[in-house]
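Coordinates in review
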Amino acid sequence: MKRTSKNSIIKQTPEGECKYLRVSYDLLMKFEHMKYIIPIVLFLLLANSANGQSQAQFNHYIANQGMLNPAYNGTRDIISGLLVHRSQWLGIQNGPMTQALNVHGPIEDTNLGVGLVLMNDNLGFSNAFEFMGSASYKLMLDRRGKFVSFGLQMGVTNNVYDGTKAITADYGDPLFSGKETNLAFNFGLGAYFYAEKYFAGFSIPRMFDPIYNFDSEGYKNEVNLKNVHAYWYGGYVFDWGDIKVKPTAMIRTVVGAPLTFDLSANVLLMERLWLGASYRSISEVVFLSEYIINRQFTVRYSFDYSLSPIGTFGKYGSHEIGIQFDFSFNKRPGMRSIRYF
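Calculation notes
Residues numbered from 1 in each chain as written. Predicted model: local features only at pLDDT ≥ 70, side-chain atom pairs only at ≥ 80, totals over all residues. Heavy atoms only, no water. Helix = DSSP H or I, 4+ residues; strand = E, 2+ residues; numbered from the N terminus. Buried < 20%, exposed > 50% of the residue type's maximum accessible area, 1.4 Å probe, protein only. Contact = heavy atoms within 4.5 Å. Areas by Shrake-Rupley, 256 points an atom, 1.4 Å probe, with all protein chains shown as cover. Core = buried A, V, L, I, M, F, W, Y, C linked by side-chain atoms within 4.5 Å. Polar contact = N/O pair within 3.5 Å; in protein donor to acceptor, adjacent residues only side chain to side chain. Salt bridge = Lys/Arg side-chain N within 4 Å of Asp/Glu carboxyl O. Pairing = 2+ DSSP bridges. pLDDT = per-residue confidence, 0-100. Phe/Tyr/Trp six-rings, centres within 6.5 Å; stacked < 30°, edge-to-face > 60°. Lys NZ or Arg CZ within 6 Å of the ring centre and 35° of its normal.

A word on the overall build of the chain. For the chain, the count of helices and strands is 2 helices and 19 strands. For the chain, buried positions account for 49% of its 341 residues. Taking contacts inside the chain between residues at least 6 apart in sequence as the whole, the part at least 24 apart equals 54%. A total of about 16400 Å² of accessible surface is found on the chain, and carbon and sulfur atoms cover 63% of it.

What follows is the structure, given as structure tokens:
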């Protein structure tokens, strides 16, 4: 534990990297023995661990593959975009919020694809805005429609830590008296295999880990192997009578942190409506829905609820809404991939 003033305490990991707990004023007021309130924010979205997992999560991770894996960008034969907003743990004051935009497409008459990701992640009195550009190269493995794609992405992240929003016991605590901003470089990589009815992917979206260091009172941007997030995922689409079923799974690994996973299943009704459910190993259940308006537009909504103690305070759950648009600059109409992913 590090004491910055007589009554201000911040929890640190053994490596000295501060990992904040995402709690609100209302949550801390439950403890009657606390005389002062310090809102502390943990860069934590996926699991609670010593090293923390600090990258944004999405319920529709299969639909959001372009944000997760640079190798996916350009694998559809049209230009595709996705706009997403996520509000997490409603009921907790100033709960986490994430907005993201992904646009990608192939380069005509080549095996190349390009993509763009814009993401804004607000965590208490910290905010990160990210700009990433990606490129992919696709190879056909056989004439039956099996492909493998490899991708790289790079860009910058603008990290802002505004300590003036904190409520501290001692007025003028230097740790919370200012606003720090850092523009940091980052890059990631991935691989993606797909056929008509199944797919599998692997990615490390971000190699660098921008961390606010309280000892130097500034951000450090470095490759921290103990906090590199790797994603392994896949799925399969099959017919069950008159409906299509799409089971999917994702595993997240971070060195020194517990392995986490998602298991999902969706069914397609009337060729327009996907309904499904998911279980996340950090004790969360998710309801998934997707409606195909036409060949150009699809809307998605999901609701997840935590079965862990955080659900007592974020009692209205987490909500995620997104819209996907598909189009082409040539005269081909935008078409939904027959892969359904």
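Further notes follow.
The next subject is the nonpolar core. Within the largest apolar cluster, 14 residues are counted, with the highest numbers of intra-cluster contacts made by I62, Y192, Y194, F199, Y233, M250 and F341. Listed by contribution, the elements that provide at least two residues to this core are β8 (179-194) and β12 (230-236). Contacts of M250, omitting those with residues within four sequence positions, involve Y61, L68, Y231, W232, Y233, T260, F261 and D262. Counting residues in each nonpolar core, the second largest holds 9 residues, with F58, L82, V84 and M119 among its members.

Inspection of the secondary structure assignment puts Q65 in helix α2 (residues 65-68). Using a relative accessible area of 0% as the deciding quantity, one classes Q65 as buried. Here the side chain of Q65 touches Y233 through a polar contact of 3.0 Å, side chain to side chain. In contact with Q65, not counting residues within four places along its chain, are Y72, Y192, F199, Y233 and F341.

Applying the stated rule across the entire model yields 11 salt bridges. Salt-bridge contacts for D142 lead to R144; the nearest nitrogen and oxygen are separated by 3.5 Å. The shortest N-O distance in the salt bridge between D239 and K244 comes to 2.7 Å. A relative accessible area of 17% places K244 in the buried class. When salt bridges with common partners are traced through the structure, they connect R86, R252, D262, R280, E284, D304 and E320 into a single cluster.

This brings us to the pairing of strand β3 (residues 79-87). Within β3, 7 of the 9 residues are buried, which leaves it mostly tucked inside the rest of the structure. Sheet topology note: the β3/strand β19 (residues 318-327) ladder contains 9 bridges and is antiparallel. The partner of H85 across the bridge, within β19, is I321. Relative to strand β4 (residues 97-106), β3 runs antiparallel, the two sharing 8 bridges. When the bridges of β4 are listed, S80 appears paired with H104.

Our next topic: the environment of F147. Summarising the element assignment, F147 is placed in strand β7 (residues 146-162). A relative accessible area of 16% means that F147 is categorised as buried. Taking the C-alpha atoms as reference points, F147 and E196, 49 residues apart in sequence, are found 9.6 Å from one another. Setting aside residues no more than four positions away along its own chain, F147 makes contact with K138, L139, M140, L141, Y192, F193 and Y194.

Before going further, it helps to examine unusual backbone geometry. For M270, which is not a glycine, the phi torsion comes out positive at approximately 60°. Mapped onto the secondary structure, M270 falls in the loop between β15 (260-269) and β16 (273-280). Classification of M270 as exposed rests on a relative accessible area of 72%. Positive phi values are uncommon outside glycine, yet S283 reaches one of about 65°. Mapped onto the secondary structure, S283 falls in the loop between β16 and β17 (284-292).

Time to look at the confidence of the model for the chain. Averaged over the chain, the pLDDT score is 78; the fraction of residues at 70 or greater is 73%. Taken together, the stretch residues 1-53 has pLDDT below 50 and engages in 129 contacts with residues farther than four places along the chain or on a different chain. Here residues 333-337 is modelled with pLDDT under 50, and outside its nearest four sequence neighbours on either side it reaches 18 contacts, counting other chains as well.

This part is about the packing of aromatic side chains. Any pair of aromatic rings gets described here by the distance separating the centres and the angle formed by the planes. All told, the structure shown has 15 aromatic pairs when counted by the stated rule. For the ring pair F199 and F341, a centre distance of 4.4 Å and an interplane angle of 35° mean the geometry is tilted. Taken as a pair, F199 in strand β9 (residues 198-204) and F341 in the segment after β19 lie far apart in primary sequence, 142 residues in all. Looking at F341, the relative accessible area reads 5%, which means it is buried. Here a set of aromatic residues connected by ring pairs shows up, and it is made of Y72, F147, Y192, Y194, F199, Y233 and F341. Taking the ring centre of F147 as reference, the NZ or CZ of K138 above it sits at 5.3 Å. Above the ring of W274, the side-chain terminus of K246 is found at 4.4 Å from the ring centroid.

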